Amino acid sequence: MELNRRTVIAGAAAAGVAATALGGTAYAAPGRGRPARTLFGRLADGTKVHSWALENGGTRMEVLSYGGIVRSLEIPDRRGRYTNVSLGFGTLEEYVASSPYFGALIGRYGNRIDKGRFTLDGTAYQLSVNDGENTLHGGAQGFDKRVWDVEPFTRGSDVGLHLYYTSVDGEMGYPGTLRTKVTYTLTRDGDWRVDYEATTDRATVVNLTSHVYWNLAGEGSGSIHDHELTVDASRYTPVDAGLIPTGELARVAATPFDFRRAKPVGRDIRTAHQQVLYGQGFDHNWVLDKGITARPEHVATLRDPSSGRTLRIATNEPGLQFYSGNFLDGTLVGTSGRVYRQGDGLCLETQHFPDSPNQPSFPSTVLRPGRTYRTTTVHSFGA
Ligand code: BGC
């Protein structure tokens, strides 16, 4: 695949095809160089937000210091034509005003915590509640709304960014000062690798992830219901009406949740299954068959038959939240000026399970002083 991909890109460059992103950025050939920084905007208090451009192995991405947001990610189709496959906005103001976590880093805790409450070592904690009566993606001011310190690097054949954020003790109600480092790497094969690290000075809970909305036909091009998805999971975690796991690990067999063989996302999305109704589509955590692994292992493949683009995901995490963009409601205008409607993008968030701090049978999300939280997810692209 590696050779294939390089040949396609080299071919496009040789033929003088100026690969043009939907946003209008034109560039001719894949390159690699030190990540380049430009000013993207300023927050209300004057804080500068920068945009970082990275390119390697035929993948091009733009990352904001605000929220560690992947603002665009461009990859070629089977004919070498580039497009941005990640939903986002044109301006900082739109990200700040109201973003459904487009492209953002999520912390301290990905997905929901029941009523924003949990007890750790006998102490009860109340978190910031921002999703009805529950906490979603860290609370009202999660890591997606923080300005990260960004340090670019080139290392061997890799290029990337180290992103740093320190969350103070008590922020959003979580105990402990959490020092977080996330590394985005573009490899020579054009893979996007994400390494998450965190340490704490008091026992706490952590569950970091990334919230890119994928549309492999190009953001703003319409629905992802034709995309074919494979998830290597025989079970998932059913939820209640508030999307909090019931604690059960239910079998996917003979339900709309069976993606063990490639299946179009839209095939069963209109099945009147109670769980599909609760999620208004898919919005669930799949229990990955491989479990927690020392190294990232393959867990999911997404393929757009029209462009031939594929995304393969490997992780060492035990869970995958597949969210089929159900709450996109036609009120947001994306990067290329097109309106996003329900199902115009989907998220594949590698993670520990939602509400683990309240679910003794789920793998633990507790981090203690002296230990380092470490997880890795690798996104590989092809066509
Ligand atoms: C959650 C959805 C939520 C979305 C936010 C997903 O990770 O599972 O329920 O609405 O994030 O846009």
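Residues numbered from 1 in each chain as written. Predicted model: local features only at pLDDT ≥ 70, side-chain atom pairs only at ≥ 80, totals over all residues. Heavy atoms only, no water.

Trainee: Got a sec to walk through the pairing of strand β24 (residues 283–287)? Specific residues and values, please.
Mentor: With 5 of its 5 residues buried, β24 lies for the most part within the structure. Burial of β24 is two-sided: the residues Asp283, Asn285 and Val287 facing one way and the residues His284 and Trp286 facing the other way are all buried. Sheet analysis places strand β21 (residues 235–237) next to β24, joined by 3 bridges and oriented antiparallel. Each bridged residue has a counterpart across the sheet, and for Thr237 the counterpart in β24 is Asn285. Relative to strand β27 (residues 319–323), β24 runs antiparallel, the two sharing 5 bridges. Its bridge partner lying in β27, His284 is registered against Phe322. (Buried < 20%, exposed > 50% of the residue type's maximum accessible area, 1.4 Å probe, protein only. Helix = DSSP H or I, 4+ residues; strand = E, 2+ residues; numbered from the N terminus. Pairing = 2+ DSSP bridges.)

Trainee: Kindly report on the site of the ligand, identifying the contributing residues and their values.
Mentor: Around the ligand, 13 residues are found, and the nearest of them are Arg112, His211, Tyr213, Asp283 and Glu349. Within the backbone of Pro100, a nitrogen or oxygen atom sits 3.3 Å from an oxygen atom of the ligand. A distance of 3.0 Å separates an oxygen atom of the ligand from a polar atom in the side chain of His137. Relative to its unbound accessible surface of 310 Å², the ligand loses 94% to contact with the protein. Counted by class, the shell around the ligand contains 6 nonpolar, 4 polar and 3 charged residues. (Near = heavy atom within 4 Å. Polar contact = N/O pair within 3.5 Å; in protein donor to acceptor, adjacent residues only side chain to side chain. Areas by Shrake-Rupley, 256 points an atom, 1.4 Å probe, with all protein chains shown as cover. Nonpolar A, V, L, I, M, F, W, Y, C, P; charged D, E, K, R; others polar.)

Trainee: For the sheet that holds strand β5 (residues 59–64), give the residues involved together with the corresponding values.
Mentor: Spatial ordering of the open sheet is given by β3-β4-β5-β6-β7, a layout of 5 strands whose pairing is antiparallel. Both outer strands of the open sheet, β3 (36–42) and β7 (82–84), are each paired with one neighbouring strand and no more. Going across the sheet, the axis of each strand differs from the next one's by a mean of 20°, ignoring polarity. Note that strand β6 (residues 70–76) and β7 share 3 bridges and pair antiparallel. Across the sheet, Ile75 pairs through a bridge with Thr83, a residue of β7. (Axes fitted to C-alpha atoms, helices over the stretch in contact; angles between N-to-C directions.)

Trainee: Lay out the environment of Pro264 with the relevant residues and their values.
Mentor: Following the sequence through the fold, Pro264 ends up in strand β23 (residues 263–264). Separated by 34 residues in sequence, Pro264 and Thr230 place their C-alpha atoms 9.0 Å apart. In this view, Pro264 contacts His225, Asp226, His227, Glu228 and Phe259; residues no more than four positions away in its chain are not counted. (Contact = heavy atoms within 4.5 Å.)

Trainee: Would you mind going over unusual backbone geometry in detail, with residue names and values included?
Mentor: Looking along the chain, the bond that leaves Gly107 and enters Arg108 is cis, with omega of 0°. Positionally, Arg108 belongs in the loop between β8 (104–106) and β9 (112–113). Despite not being glycine, Tyr101 has its phi angle at roughly 65°, a positive value. Of note, Tyr101 is situated in the loop between α2 (92–97) and β8. Its identity as a non-glycine residue notwithstanding, Gln280 has a phi of 55°, on the positive side. Examined against the element boundaries, Gln280 turns out to sit in the loop between α3 (274–279) and β24.

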